[in-house]
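Report on the structure
Listed below are the residues making up each chain.
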Amino acid sequence: MDKIWRITKYEYTRHVFQKRFLFSLLSLPILILVMFAVSILVAFVSINKTPLGYVDRSGVLDLAAREVKDSTLFNPVIEFIPYQSTEGAETALNNGQIQAYYLLPETYPQNLDVQLVFIEEPANEIQAQFSDFVAQNLSLFDNLDPQVERRLAEGSQLKITTLDGSRETSQDQWYTILTPLIAGILFFFVVITSGGYLLQAVVEEKENRTMEIVITSVSPGQLMTGKIIGDIGVGLTQLLIWILFGWGSLMIGAKYLPVLQDFSLPPEYLFVLLGILIPAFVMISAILAAIGATVTELREAQQFQSLVILPVMIPYYIVSTFMANPNGTLATILSFVPITAPIAMLLRMSFTIVPTWQVVLASMILIISAIFAIWFAGRAFRLGMLQYGKRLTIKEVFGKRVQQ
Amino acid sequence: MFNKKRGKMAIITAHNISKRFGETQAVDQLSFEVQPGEIFGLLGPNGAGKTTSIRMILDIFQPDSGEISVLDGPMNEEKKNHIGYMPEERGLYQDIPLERCLLFLASLKGMDSANAKSQLETYLRHLDLYDVRDKKVKELSKGMQQKAQLIATLIHDPRLVIIDEPFTSLDPVNTEIVKKLLEQKRDEGKAIIMSTHQMSQVEELCNRILLINHGQRLLYGTLQDIQSQFASRDILVTPLTELPGVIEGVAEVKKLNGRYRLILDQDAQPNQILKNMIQAGIEITQFEIATPPLNQIFIEVVRQQECAQNG
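What you see is a predicted model; the values in this text were computed from it and never measured.

Turning next to the pairing of strand β14 (residues 260-264) of chain B. Residues and elements named next belong to chain B. When strand β12 (residues 235-239) meets β14, the two strands line up antiparallel, connected through three bridges. Its bridge partner being in β14, Val237 is matched across the sheet by Tyr260. Here strand β13 (residues 250-255) folds back onto β14 in antiparallel fashion, the turn holding four residues, of which Gly258 has a positive phi close to 80 degrees.

Below is the structure:
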């Protein structure tokens, strides 16, 4: 046990305290952050802050009644200028004094018909400000129960609940769609990078012959277990830092973007992600280690690595099938096949409520597969470690000629 | 297991071990023992089965048949802490500092960190590597890497040391240091198996040897016994002056580099020749029975076996 821990520690520190790890660790969130920041900035900087005009023939609007919120970067308060006639507004629009004007005809209280005249359509945020202004001036809701009034203002909310009432999702919980998708992408990145380290470490040890010294100090099982645990440690470190990074960004972002304030994950959701992703990660790591043990060169190993990684991505290639029918036969089967299960299950969770028993079953299949994969890797290792010049065949690994 | 003649436990006892890889019989019914306090030369041409034998001792391979006892019984994980192995194909982690690499390898031998650090410092200083301990292994010269490898082999004070070609990349100064180190370990009672092609090193260091070819035992015993077994009846003489052309009892005189090789008559004895030479008034500074160099024995024995096998 002590030796496993020593190998784990060594594997972990030798990857985590490397420049390339720091680079791969920071590159993804920084890339996302930069893209995110740039696109948001571009969107908001490009908002036209020129005043908005209106011509009110119905006499409904009273500028003094406007309740003005604080102006923010993402929601700048626009000045409204009343005009007596469409001609005046038209002239102001053509002179660039206003970016657009609304026309409320005399019949407005009856048919609630509004016209918007513009050269370039104002941003949604600005149109929303005018809608709020109009709503504040309408006496339509005056005699309503405030609760009903609020319900009307918020519109409908669709909530889906499983028959047994154990799980539910609702339409405005955008994060229930986004979180599994992001988790899938992160999972993929972690598997590629840290799985790649493991593969590289095993092949390098074979190439530089350190293996023979290590194997006369510890058993192949200890070596394999230590390496895989170390590798998972590397992956989890990466994941944890990304999650902290994401969480931090959410907290900061929520101050500016109200939509982010709704974000919260039910604890069982996290459990599902861990129950599926961790065993899947162990399984793929062990398969990669087994590949490392059977091939002779790093380049060859990398080719084999893509053979393992590509099937993991299959559900993304057919994402439309998952969107159209997330509980369909194909989607369900793929969420039980060990190699496609992690991404398939995450995609299904994005688009539907996956029955609890299916999540549990997939998790169990993955745990069993992970154990089997470690066993397989140990065996491949024992056979392959000293065959420097020769690649090991799968038949040999499963065959009976194994040294014990 | 108990060696009556020597009165101590053998560190390794191999009894009729065989190993076959496909069509190749790598090791064939091989038996030998290695004692504590000896340097044991494991010799043989390339592909003779030396590495396979070593790997069977280390339990990397299991023999198809036969038995191996290491440190009093079958090999197990605990015993690995008492074995130091330096494979022919050197193996050190290239991308990390030397000190870190060696400390990790020492920790895998069950050494605690404090002990490993103090031992390592002693060895690094002794082998003149202390100043480069923070350098990455790949930045070190071949000879330095080899010395580092030797540290990895010896740092945990193993009872059994197995080293393959320990002198290949070393200059004469370092060769001498390493030789002394091995002799010191032997004198401390460790068993050392040394596999090498440098016969002069074997002659200098080894107490006993095992020569194998095609996985079979060709020679096995003390160096002395083997050399006298192959001793010719030639005599090497270094005289002060030129030797006369004819000496009684000598069939032929061959001039070597400042020395002479005397090939004796069928029934002449070396003692008689020495007497004859003194009587003839020849002044000599050196007189010895020519033992064939191990190199020559090696070639001869291997050739004989090849001839016998090829019919």
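Chain A puts 18 residues into the contact, and the matching count from chain B is 22 residues. Elements with a minimum of two residues in the side of chain A that touches chain B: α1 (2-16) and α8 (210-215) of chain A. Counting residues per element, the side of chain A that touches chain B draws most heavily on α8 of chain A, at six residues. Tallied by class, residues from the side of chain A that touches chain B come to seven nonpolar, six polar and five charged.

Turning to the sheet that holds β12 of chain B, a few remarks are in order. Residues and elements named next belong to chain B. Reading across from one edge, β13-β14-β12-β15 is the order of the four strands in this open sheet, with antiparallel pairing throughout. Two strands bound the open sheet, and with one partner strand each, they are β13 and β15 (284-289). The mean inter-strand angle of the sheet, taken between neighbouring strand axes irrespective of direction, is 20 degrees.

Our next topic: the packing of helix α2 (residues 98-108) of chain B against helix α3 (residues 113-126) of chain B. Residue and element names in this part refer to chain B. Where α2 meets α3, the closest approach of the two axes is 10 Å, and the angle between their N-to-C directions is 130 degrees. In this view, α2 runs oblique relative to α3, as classed from their interaxial angle. In terms of crossing hand, the pair formed by α2 and α3 is right-handed. Along the contact surface, α2 presents Glu99, Leu102, Leu103, Ala106 and Ser107, while α3 presents Ala116, Lys117 and Leu120. Tallied by class, the residues present in the contact of α2 with α3 amount to five nonpolar, one polar and two charged.

Moving on: the domain arrangement of chain B. Many authors give the size of an interface as the accessible area that is lost as the parts come together. Domain annotation of chain B identifies domain 1 (2-228) and domain 2 (232-289). Computed from C-alpha atoms alone, the centre-to-centre distance between domain 1 of chain B and domain 2 of chain B is 42 Å.

Once that is clear, we can look at helix α14 (residues 341-351) of chain A. The buried fraction of α14 of chain A amounts to eleven of the eleven residues, a majority that puts the element mostly inside the structure. If you check which residues of α14 of chain A are buried, you get Ala341, Pro342, Ile343, Ala344, Met345, Leu346, Leu347, Arg348, Met349, Ser350 and Phe351 of chain A.

What follows concerns the sheet that holds strand β5 (residues 38-43) of chain B. All names here are of chain B. Spatially, β7-β8-β9-β5-β10-β11 is the arrangement adopted by the six strands of the open sheet, whose pairing is mixed. The two strands at the open ends of the sheet, each matched to only one other strand, are β7 (83-86) and β11 (216-222). Across the sheet, the axes of successive neighbouring strands diverge by a mean angle of 15 degrees, strand direction being ignored.

Turning next to the nonpolar core. In this structure, Ala286, Ala289 and Ala377 of chain A together with Leu102 of chain B are the most contacted members of the largest nonpolar core, which totals 139 residues. Here the element with the most residues in this core is helix α10 (residues 267-294) of chain A; it accounts for 17 residues. Counting residues in hydrophobic clusters, the runner-up holds 15 residues, among them Tyr54, Val55, Tyr101 and Phe130 of chain A.

Residues and elements named next belong to chain A. Relative to each other, α1 and helix α9 (residues 220-256) sit at 40 degrees, their axes nearing to 7 Å. Classified by the interaxial angle, the pair formed by α1 and α9 is oblique. In the packing of α1 onto α9, the handedness of the crossing is right-handed. Residue-level contacts link Lys3, Ile4, Ile7, Thr8, Glu11, Tyr12, His15 and Val16 of α1 to Gln222, Leu223, Thr225, Gly226, Lys227, Ile229, Gly230, Asp231, Gly233, Val234 and Thr237 of α9. Of the residues contributing to the contact of α1 with α9, the split by class is seven nonpolar, eight polar and four charged.

Residue and element names in this part refer to chain B. Of note, the phi angle at Asp157 is positive, near 50 degrees, even though the residue is not glycine. Secondary-structure assignment places Asp157 in the loop between α4 (142-154) and β8 (160-164). By the C-beta count within 10 Å, which is 16 here, Asp157 ends up partly exposed. Although it is not a glycine, Glu165 adopts a positive phi angle of roughly 45 degrees. Mapped onto the secondary structure, Glu165 falls in the loop between β8 and α5 (172-187). On the basis of neighbour counts, which here come to 18 C-beta atoms within 10 Å, the residue Glu165 falls in the partly exposed class.

With that out of the way, let us pick up the environment of Leu239 of chain A. Residues and elements named next belong to chain A. Structurally, Leu239 can be placed in helix α9. For Leu239, a count of 20 C-beta atoms within 10 Å puts it in the buried group. For the pair Leu239 and Phe351, spaced 112 residues apart in the sequence, the C-alpha separation amounts to 23 Å.

Residues and elements named next belong to chain B. For chain B, per-residue confidence averages 88 on the pLDDT scale, and 97% of positions sit at 70 or higher. Confidence, expressed as mean pLDDT per element, reaches its minimum in chain B at strand β1 (residues 2-3) with 43 and its maximum at strand β9 (residues 191-195) with 95. Contacts of residues 1-6 to residues separated by more than four positions or lying in other chains number ten contacts, the stretch itself having pLDDT below 50. We note a pTM of 0.73 for the whole complex and an ipTM of 0.76 for its interfaces.

With that settled, the discussion passes to the confidence of the model for chain A. Residues and elements named next belong to chain A. Residues with a pLDDT of 70 or more make up 85% of chain A, whose mean pLDDT is 80. Least confident of the elements in chain A is helix α16 (residues 394-398), whose mean pLDDT is 61; most confident is helix α13 (residues 329-334), at 91. Across residues 400-404, where pLDDT falls below 50, the model places six contacts with residues more than four positions away in sequence or in other chains.

Turning our attention to the pairing of strand β1 (residues 52-56) of chain A. Residues and elements named next belong to chain A. Within β1, five of the five residues are buried, which leaves the element mostly enclosed by the surrounding structure. What you see with β1 is no split at all: Leu52, Tyr54 and Asp56 on one side and Gly53 and Val55 on the other are buried throughout. The pairing of β1 with strand β2 (residues 80-83) spans four bridges and is parallel. What sits directly across from Tyr54, in β2, is Pro82.

Conventions and cut-offs
- Residues numbered from 1 in each chain as written.
- Chains lettered and ligands numbered in written order.
- Predicted model: local features only at pLDDT ≥ 70, side-chain atom pairs only at ≥ 80, totals over all residues.
- Pairing = 2+ DSSP bridges.
- Helix = DSSP H or I, 4+ residues; strand = E, 2+ residues; numbered from the N terminus.
- Contact = placed C-beta atoms within 7 Å.
- Nonpolar A, V, L, I, M, F, W, Y, C, P; charged D, E, K, R; others polar.
- Axes fitted to C-alpha atoms, helices over the stretch in contact; angles between N-to-C directions.
- Parallel < 35°, antiparallel > 145°, perpendicular 65-115°, else oblique.
- Left-handed = near helix turned anticlockwise from the far one by under 90°.
- Domains from an automatic or database assignment.
- Buried ≥ 20, exposed ≤ 12 C-beta atoms within 10 Å, placed from the backbone.
- Core = buried A, V, L, I, M, F, W, Y, C linked by C-beta atoms within 7 Å.
- pLDDT = per-residue confidence, 0-100.

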